[in-house]
Amino acid sequence: MADRQPAPDTPELRERWGSFEFSPAYKAKADKAIARYPQGRQRSAVMPLLDLAQRQVGEETNTQGWLPLPVIEYVARYLDMPVIRVLEVATFYFMYNLRPVGKYHVQVCGTTPCMLRGSDDLLETCRKRGMVKGHVSEDGLWTLTEVECMGNCATAPMVQINDDNYEDLTPERLEHILDELAAGRQPKTGTQEPGRHTSEPLGGPTTLKEMVTENHDYRGEW
Ligand code: FES
């Protein structure tokens, strides 16, 4: 489990992030998120706003983004919420980074199905490339985090990197994905198993077979 403490509140942190505010593009997205909720319930938008703030920090730092304390305070002011309420959300959900991360945040699932299917080997692959859990690699490219089940057990083992999942991994397949990202290319996302479309059984579907090639209507056959 990674450290869920916010980064220390230092003068340097205040200097760098104290004047943070949404850019016009992010402000438009934030206001759109707030408008989804009834009048007086704007605080319900705290999660999308934290996500947007993290993404803007990511763009400004060429990383996946994180949430410095002054940025969390900005979101609290934006929603007229006590800072502690926003901090509670930011520290609870793993999708928010509380420390600086690299350009690519490599989150390896280590829960039982992935562990039984080889997640230890994936962690070893990451370690061999200089990744250390909870730290940004020297080249600024990577941060490694071990996480709990991310709901892709049928295609275990899996890794989430920034917004994408990579599934049915082996050390060689993960090496290739990391090589592609390091070279600035976007590797194929989802399952890496040749011939597998999503999470259907290996060897092909065993039910609803007519839907493989068309949107077959089964209702008359029930
Ligand atoms: S155990 Fe890894 S995705 Fe569920």
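The name given to the chain in an unreviewed UniProt entry is NADH-quinone oxidoreductase subunit E, with the source organism recorded as Pelagerythrobacter rhizovicinus. According to UniProt, the comment filed for the chain under the heading Catalytic activity (unreviewed entry) is "a quinone + NADH + 5 H(+)(in) = a quinol + NAD(+) + 4 H(+)(out)". Check the Sequence similarities (unreviewed entry) section of the UniProt entry for the chain; it says "Belongs to the complex I 24 kDa subunit family."

Q: Could you clarify how one ought to interpret the nonpolar core in this entry?
A: Among soluble globular proteins, nonpolar side chains are generally buried collectively. In terms of nonpolar packing, the biggest core is built from 22 residues, with Leu49, Leu50, Ala53, Leu67, Ile72 and Val75 touching the most fellow members. Contributions of two or more residues to this core are made by α3 (46-61), α4 (69-78) and α5 (83-92). In terms of residue count, the dominant contributor to this core is α4 (7 residues). If sequence neighbours within four positions are ignored, leucine 67 has contacts with Leu50, Ala53, Gln54, Ile72, Ala90, Tyr96, Asn97 and Leu98. Grouped together as the second largest cluster of nonpolar side chains are 20 residues, Cys114, Cys126, Met131 and Leu174 included.

Q: It is not clear to me how the pairing of strand β1 (residues 104-109) should be interpreted in this structure. Could you clarify?
A: Burial analysis of β1 places 6 of its 6 residues in the buried class, the great majority of the element. Of the two faces of β1, the one carrying Tyr104, Val106 and Val108 and the one carrying His105, Gln107 and Cys109 are both buried. Strand direction decides the pairing type here: β1 and strand β2 (residues 142-147), joined by 6 bridges, are parallel. Paired with valine 108 across the strands is glutamate 146, a residue of β2. Of the pairings in the sheet, the one linking β1 to strand β3 (residues 159-161) comprises 3 bridges and is antiparallel in character.

Q: Would you explain the UniProt feature "binding site: [2Fe-2S] cluster" (unreviewed entry) in the chain in this entry?
A: What UniProt calls "binding site: [2Fe-2S] cluster" (unreviewed entry) maps, in this numbering, to Cys109, Cys114, Cys149 and Cys153. Spanning 45 residues, the annotated positions come together in the fold, the maximum distance between their C-alpha atoms being 9.4 Å. Among residues more than four places away in sequence, those in contact with cysteine 114 are Cys109, Ser119, Ala156, Pro157 and Met158. Along the chain, cysteine 149 falls in the loop between β2 and β3.

Q: I would appreciate a short explanation of the sheet that holds β3 in the present structure.
A: Taken in spatial order, the 5 strands of this open sheet run β2-β1-β3-β4-β5, and their pairing is mixed. Two strands in the sheet have a free side with no partner beyond their single neighbour: β2 and β5 (190-191). Relative to β1, helix α7 (residues 119-128) is tilted by about 155°, and along the sheet it contacts β1, β2 and β3.

Reading guide: rules and limits
Residues numbered from 1 in each chain as written. Predicted model: local features only at pLDDT ≥ 70, side-chain atom pairs only at ≥ 80, totals over all residues. UniProt positions renumbered as here; feature names shortened; annotations may be inferred. Core = buried A, V, L, I, M, F, W, Y, C linked by C-beta atoms within 7 Å. Buried ≥ 20, exposed ≤ 12 C-beta atoms within 10 Å, placed from the backbone. Helix = DSSP H or I, 4+ residues; strand = E, 2+ residues; numbered from the N terminus. Contact = placed C-beta atoms within 7 Å. Pairing = 2+ DSSP bridges. Axes fitted to C-alpha atoms, helices over the stretch in contact; angles between N-to-C directions.

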